[in-house]
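Spelled out, the chains give:
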Amino acid sequence: MKRKINAALIIIFMLCISLPYLLAHRDKDGRMSSMENRTLAKYPSVCLEDGSLNREYFAQFEDWINDNLRGRTVMVEANSTLQYEFFKRIVKSDVMEGRDRWLFVKDSDMMLDYQNLNLLSEQELKQYADNMQSISDYLEERGIAFYYLQCYSKSSIYPEKYVDGINKIGIVSKADQIVNVLQEETDVAQILVKEPLLEQADELIYFQYVDTLHWNEKGSYIGCQVLMNELQKDFPQISILQESDYDIVEEERTMDLYGYEYPMVEKCPVYRIKEQKAAEITEATKERWNFLHCKEHTHDYENPSCGNDLKILLIGDSFIRMFLKDDIAESFSATLSIDWLNIPILDEVVDEYQPDIVVLESAQSALKDTVELVSQVDYIQ
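Residues numbered from 1 in each chain as written. Predicted model: local features only at pLDDT ≥ 70, side-chain atom pairs only at ≥ 80, totals over all residues. Heavy atoms only, no water.

Draft legend 1. View of the overall build of the chain. Scanning the chain for helices and strands turns up 14 helices and 15 strands. Counting the 381 residues in the chain, one finds 49% classified as buried. Summed over its atoms, the accessible surface of the chain is roughly 20,200 Å², and 50% of this surface lies on carbon and sulfur atoms. (Helix = DSSP H or I, 4+ residues; strand = E, 2+ residues; numbered from the N terminus. Buried < 20%, exposed > 50% of the residue type's maximum accessible area, 1.4 Å probe, protein only. Areas by Shrake-Rupley, 256 points an atom, 1.4 Å probe, with all protein chains shown as cover.)

Draft legend 2. Just the side chain of K161, in detail. Within the fold, K161 resides in the loop between α6 (154–157) and α7 (174–185). Beyond its immediate stretch of four places on either side in the chain, K161 contacts G98, R99, D100, W102 and F104. (Contact = heavy atoms within 4.5 Å.)

Draft legend 3. Local environment of the sheet that holds strand β15 (residues 357–363). Taken in spatial order, the seven strands line up as β6-β5-β15-β13-β14-β12-β11 in an open sheet, and their pairing is mixed. Sheet topology places β6 (189–191) and β11 (279–281) at the edges, where each strand pairs with a single neighbour. Taken pair by pair, the neighbouring strands of this sheet meet at an average axis angle of 25°, ignoring direction. One ladder, built from three bridges, connects strand β5 (residues 145–151) with β6; its direction is parallel. Bridging across to β6, Y148 finds its partner in Q190. Together, β5 and β6 form the strand contacts of α7, whose direction differs from that of β5 by roughly 155°. (Pairing = 2+ DSSP bridges. Axes fitted to C-alpha atoms, helices over the stretch in contact; angles between N-to-C directions.)

Draft legend 4. Local environment of the packing of aromatic side chains. In the structure shown here, the tally under the stated rule is twelve aromatic pairs. Ring centres 6.2 Å apart and planes at 75° place the aromatic pair Y158 and Y206 in the edge-to-face group. Pair noted here: Y158 is in the loop between α6 and α7 and Y206 is in the loop between α8 (194–199) and α9 (217–234), with a separation of 48 residues, a long-range link. For Y206, a relative accessible area of 0% puts it in the buried group. Summarising the aromatic geometry, the rings of Y246 and Y271 are spaced 5.4 Å apart at their centres and angled 75° between planes, so their arrangement reads as edge-to-face. (Phe/Tyr/Trp six-rings, centres within 6.5 Å; stacked < 30°, edge-to-face > 60°.)

Draft legend 5. Summary view of the layout of surface pockets. Volume-wise, the largest pocket comes out at about 810 Å³. Split into classes, the residues belonging to the lining of the largest pocket amount to 17 nonpolar, eight polar and 15 charged. (1 Å grid on protein atoms, 1.4 Å probe; cavity = no way out; pocket = protein on both sides within 12 Å on 5 of 7 lines; lining within 4 Å. Points joined across faces, edges and corners; volume = space filled by probe spheres on them. Nonpolar A, V, L, I, M, F, W, Y, C, P; charged D, E, K, R; others polar.)

Draft legend 6. Just helix α5 (residues 122–141), in detail. For α5, spanning 20 residues, the distance from its first C-alpha to its last is 28 Å, which sits close to the expected 28 Å at 1.5 Å a residue. Residues L125, Y128, A129, N131, M132, Q133, I135, S136, Y138 and L139 constitute the buried set of α5. Its buried side turned inward, α5 meets β5, α7, α13 (346–353), β15 and α14 (367–375). Within two residues after α5, G143 carries a phi angle of roughly 75°, on the positive side. (Expected span 1.5 Å × (residues − 1).)

Draft legend 7. Local environment of empty space enclosed by the protein. Counted under the stated rule, the structure contains three cavities of 30 Å³ or more. Considered as a void within the structure, the largest cavity measures approximately 90 Å³ in volume. If you trace the largest cavity, you find it lined by F104, V105, M110, D113, Y114, S153, K154, S155, Y162, T212 and L213. Those elements that place two or more of their residues in the lining of the largest cavity are β4 (103–105), α4 (108–115) and α6. No other element matches α4, which puts three residues into the lining of the largest cavity. Classifying every residue of the lining of the largest cavity gives six nonpolar, three polar and two charged. Here the second largest cavity is characterised by a volume of approximately 40 Å³.

Draft legend 8. View of the pattern of salt bridges. Within this structure, the stated rule accounts for 14 salt bridges. The closest approach of N and O atoms between D100 and K161, which form a salt bridge, is 2.5 Å. Taken together, the residues D100 in the loop between β3 (95–97) and β4 and K161 in the loop between α6 and α7 connect sequence positions 61 residues apart. On the basis of relative accessibility, which here comes to 51%, the residue D100 falls in the exposed class. (Salt bridge = Lys/Arg side-chain N within 4 Å of Asp/Glu carboxyl O.)

Draft legend 9. How the structure looks around the pairing of strand β14 (residues 334–339). Burial analysis of β14 places six of its six residues in the buried class, which makes it a mostly covered element. Side chains A334, L336 and I338 of β14 all project onto a buried face; the interleaved residues T335, S337 and D339 project onto the opposite face, where all are buried too. Of the strand pairs in this sheet, strand β12 (residues 299–302) and β14 are connected by four bridges, and their pairing is antiparallel. Residue Y301 lies in a different strand from β14, and its bridge partner there is T335. Alignment of strand β13 (residues 311–316) against β14, held across six bridges, turns out to be parallel. When the sheet's bridge partners are listed, L313 is paired in β14 with L336.

Draft legend 10. Summary view of the environment of E361. With respect to the helices and strands, E361 occurs in strand β15. On the basis of relative accessible area, E361 is assigned to the buried category, the value being 1%. On a C-alpha basis, the gap between E361 and I191 in space is 9.3 Å, while along the polypeptide they are 170 residues apart. Beyond its immediate sequence surroundings of up to four residues, E361 is in contact with L149, C151, I315, G316, D317, F319, I320 and W340. Among the polar contacts listed, one links the side chain of E361 to the backbone nitrogen of D317, at a separation of 2.9 Å. A distance of 3.1 Å separates the side chain of E361 from the backbone nitrogen of A363, its partner in a polar contact. (Polar contact = N/O pair within 3.5 Å; in protein donor to acceptor, adjacent residues only side chain to side chain.)

Don't take any of this as a statement about function, it's just geometry.
Rendered as structure tokens:
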């Protein structure tokens, strides 16, 4: 009898340790987790393509089994819910809670940026200013107008909502340094949006809970107006969308924390163009701009009824890609929006596209990368 019990226990034990492996997902290319916005680990191979032994097999196996257990999604959601409900702890690794429960990006570089502890040296500022001036001169020689647009993180417009215990040192940020040095040391045309945003910050112009970084559609409308008004000074034939050109509604939204809905809901302004004239090209875009970096972030528009024959090239990040490109496209006969990773090959894009206007935008959170990318261009040396 005792032997039978022992055998049964051994079988149960073997099943317990084997079932997770036997039932785990084995998608060849790895599954996508929409909840976590990432690709889950794929099943590892014992041998590499060249036939050699995969020395990372056991570490990769552990990542795979952790990511692909059956029921993992339910467990992640339950953990997220329990952690917040009982301990007010957000388990989503890139989110942290500020004052009045506003949500911000949890990132060490961005914390340093908020504190003004990652400022550029005088030498770095001079080099950046020289490079931006050279880009401006390069485009001017080709009859192309150039503008620089500095966008700001939520923590710069609403510092009073940031996380308790993380304090600012001084009042000048890296973004302020960039704007100031370009004003003082170059003739680069800038689109200055910070003061207009601060002037209207009593209204909610950035997301409280839905987004940890960006302006909302009210804030992006303000930024777009500042940008377009500056462009119109040099190109008076441009027409600019006004609030009357939009259907403006409010939608209630909140943040998803790994399957747990954050208990704070905000009313988000939504600006929908009433009569959209610009049309995005799809298949032709993929073929024409196949050489670009981040091709999935390339958007090409045509708008023959805009009333001018101007072509604009937008080089930027999510502040343009998520919020501005469609609105800007309504004012030009052709609009191309590309990722700022293409700064080093701007000359190739210009040769192919032949724009009349180039706008280079950088988010405050991306300045570290933008400074590095600008230093890599060889067409201005």
